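One letter stands for each residue in the lines below.
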Amino acid sequence: VVKDGQIVKSQGYGMANLEHQVPVKPETIFQSGSVGKQFTATAVMMLAQEGKLSLEDPIGKHLTVPESWKGITIRHLLTHTSGLGDYPPDLDFRKDYTEDELFEMVTKQPLLFAPGEKWQYSNLAYVTLGILIHKISGKFYGDFLQERVFQPLGMTSTRIINEPDIVPNRAAGYRLVKEEIKNQDWVSPTLNTTADGALYFNVVDLAKWDAALYTEKLLKKSSLEEMWTPVKLADESSYPYGLGWGVGQYNGHRRIEHGGGWQGFATHITRYVDDRLTVVVLTNLAQADPQYIAHGIAGFYVPELALAKHTRIDIDPKLLQLYAGKYELAPGRVLEITPGDNMLLVKLGERPREFLPEANDTFYREDSETVLRFETDGAGMVTHMVLDSGGMPQKLKRVP
């Protein structure tokens, strides 16, 4: 926890390594997951400030891309509005790919929508940005970050993931499989160096990063504000995501944040910039909820940030039947909802989650910020479900 530029709480809990019974400490190094995207976005903004690119440049100005990518700009990639999706099902995470092979894989993926039309989280967009940084700067994006960001800020433990290296204080990642803790899945070394979030860091270094974001050490104030401005879509609506950061507010307090999850790690950084309060939570269990922890901790320091309290009510079982069905989270990924005993059971993956009613159309999960709200048409048929996981609502269409 960082308040007014000073670390006020820095502590480890639990085990960094279960097999050797090594406890977590502030210096323990975790994988970043997608919290690393803000560093990739910072590198792109640095190149923009230097006049080496413009965010409005078509990506095809700098990289050889298919005709279907003609309308994609660098800004689209940064804001997850390019039309690109996530890794394809046939990608072999145990194979080493060259940068050229990875880019060939990315450019073969069909666009899911016209650039700028919608918001959809895309790791492939950030993989592409890493390749762009390499092309324009002449340096692997990890080396660029090391020279231009990590070293100048004294972030001595932060680096691109490197499996062969000896990394002091490196935590092991874990996941739950049928309620039993297992080691993380193995991923090939080159796939663990892409710009969608392949970093090692600890809370000590992230406090230095947070402090720099209140200054112009790395970027001009105008560039930082641009990163923290919600993206505007083609229909003039906006989505609470900027350039590598989720942006919004909670109870009137401005909030800039990002989470990550990868290889048995789940991470989150939340910055309440007007309160000069930042909470970083790094965990080494895939099923952990560091965003919920971070938001909950913030309320200990600023009372207005305390999490909302929910009260369970009884609702008509017919409503539970009405809401049951499948809702599209992303192409090829659906949430399956079934009725329970005065609750809804929501399944994505192997384990259903219990959501309790607090209104006839709204359900919450205990020990989580996630809230579901259902929308109906004029005939009373359910058309969409709004999934709000603490500030970034997603509207999910009901599917057959």
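Just above sits the structure.
Scope of this entry: the structure provided in the associated data block. What you see is a predicted model, and the numbers here were worked out from it, not measured in a lab. (Residues numbered from 1 in each chain as written. Predicted model: local features only at pLDDT ≥ 70, side-chain atom pairs only at ≥ 80, totals over all residues. Heavy atoms only, no water.)

What about the packing of helix α1 (residues 37-49) against helix α5 (residues 141-153)?
Logical step 1: Running from N to C, α1 and α5 cross one another at 80 degrees; their axes reach a closest spacing of 10 Å. Here α1 lies roughly perpendicular to α5, going by the angle between them. On α5, the residues that touch F39, T40, T42, A43, M46 and L47 of α1 are Y141, F144, L145, R148, V149 and F150.
Logical step 2: Across the contact of α1 with α5, the residue classes break down as nine nonpolar, two polar and one charged. (Axes fitted to C-alpha atoms, helices over the stretch in contact; angles between N-to-C directions. Helix = DSSP H or I, 4+ residues; strand = E, 2+ residues; numbered from the N terminus. Parallel < 35°, antiparallel > 145°, perpendicular 65-115°, else oblique. Contact = heavy atoms within 4.5 Å. Nonpolar A, V, L, I, M, F, W, Y, C, P; charged D, E, K, R; others polar.)

A few points about helix α8 (residues 290-301)
Logical step 1: Along its 12 residues, α8 runs 17 Å from first to last C-alpha, staying within 8% of the 16 Å computed at 1.5 Å per residue.
Logical step 2: Here α8 has its buried residues at P290, Q291, A294, H295, G296, A298 and G299.
Logical step 3: Taken together, the buried residues of α8 touch β13 (253-262), β14 (265-272) and β15 (277-283). (Expected span 1.5 Å × (residues − 1). Buried < 20%, exposed > 50% of the residue type's maximum accessible area, 1.4 Å probe, protein only.)

Comments concerning the nonpolar core
Logical step 1: Core analysis: the biggest nonpolar cluster contains 77 residues, and F39, I74, L78, V149, W209, M227 and W245 have the highest contact counts within it.
Logical step 2: Per-element accounting of this core gives the leading share, eight residues, to helix α4 (residues 123-137).
Logical step 3: Sequence-distant contacts of L78, that is, excluding residues within four places in its chain, are made with A41, V44, L55, Y126, L129, Y241, G242, L243 and G244.
Logical step 4: Membership of the second largest hydrophobic core comes to 17 residues, among which are I315, L320, F363 and F374. (Core = buried A, V, L, I, M, F, W, Y, C linked by side-chain atoms within 4.5 Å.)

Details of the environment of A43
Logical step 1: Position of A43 relative to the elements: it lies in helix α1.
Logical step 2: Residue classification places A43 among the buried positions, given a relative accessible area of 0%.
Logical step 3: Taking the C-alpha atoms as reference points, A43 and H310, separated by 267 residues in sequence, lie 41 Å from one another.
Logical step 4: A43 has contacts with I133, F144 and L145, leaving out every residue within four places of it along the chain.

Concerning α1
Logical step 1: Its 13 residues give α1 an end-to-end C-alpha distance of 18 Å, which sits within 8% of 18 Å, the value for a rise of 1.5 Å per residue.
Logical step 2: Where burial is concerned, most of α1 is hidden: 11 out of the 13 residues are buried.
Logical step 3: Directly beyond the C-terminal end of α1, a positive phi value near 80 degrees is found at G51.

Focus on the pairing of β15
Logical step 1: Among the seven residues in β15, seven count as buried, and that is most of the element.
Logical step 2: Here β15 shows no split at all, with L277, V279, V281 and T283 on one side and T278, V280 and L282 on the other all buried.
Logical step 3: The pairing of strand β1 (residues 2-3) with β15 spans two bridges and is classified as antiparallel. Paired with K3 across the strands is L277, a residue of β15.
Logical step 4: Sheet topology note: the β14/β15 ladder contains seven bridges and is antiparallel. What sits directly across from T267, in β15, is L282.
Logical step 5: What sits between the antiparallel neighbours β14 and β15 is a turn of four residues, in which R276 has the positive phi angle 50 degrees. (Pairing = 2+ DSSP bridges.)

Focus: the pattern of salt bridges
Logical step 1: On inspection of all chains with the given rule, the structure shows 19 salt bridges.
Logical step 2: Residues D4 and K3 are paired through a salt bridge, measuring 3.8 Å at the closest nitrogen-oxygen approach.
Logical step 3: Ionic contacts of the salt-bridge type, sharing partners, join the residues E50, K52 and R148 into one network. (Salt bridge = Lys/Arg side-chain N within 4 Å of Asp/Glu carboxyl O.)

Remarks on a nonpolar patch on the surface
Logical step 1: On the surface, V8, F300 and Y301 cluster together into a nonpolar patch covering about 330 Å² of accessible area.
Logical step 2: Relative to the helices and strands, V8 resides in the loop between β2 (6-7) and β3 (15-17). (Patch = residues over 30% accessible without salt bridge, like charges linked within 9 Å, V, L, I, M, F, W, Y side chains within 5 Å. Areas by Shrake-Rupley, 256 points an atom, 1.4 Å probe, with all protein chains shown as cover.)

Side note on the side chain of T270
Logical step 1: The residue T270 is located in strand β14 in this model.
Logical step 2: With relative accessibility at 0%, the residue T270 sits in the buried group.
Logical step 3: Polar side-chain contacts of T270 include one of 3.1 Å to the side chain of H268.
Logical step 4: Leaving out residues up to four positions away in the same chain, T270 has contacts with R255, I256, E257, L277, T278, V279, A294 and H295. (Polar contact = N/O pair within 3.5 Å; in protein donor to acceptor, adjacent residues only side chain to side chain.)

A few points about the packing of helix α3 (residues 99-107) against α4
Logical step 1: Where α3 contacts α4, the two axes come as close as 10 Å, and the packing angle between them is 135 degrees. The orientation of α3 with respect to α4, classified from their angle, is oblique. In terms of crossing hand, the pair formed by α3 and α4 is left-handed. Together, E99, F103, M105 and V106 of α3 and L124, V127, T128, I131 and H134 of α4 make up the contact between the two elements. (Left-handed = near helix turned anticlockwise from the far one by under 90°.)

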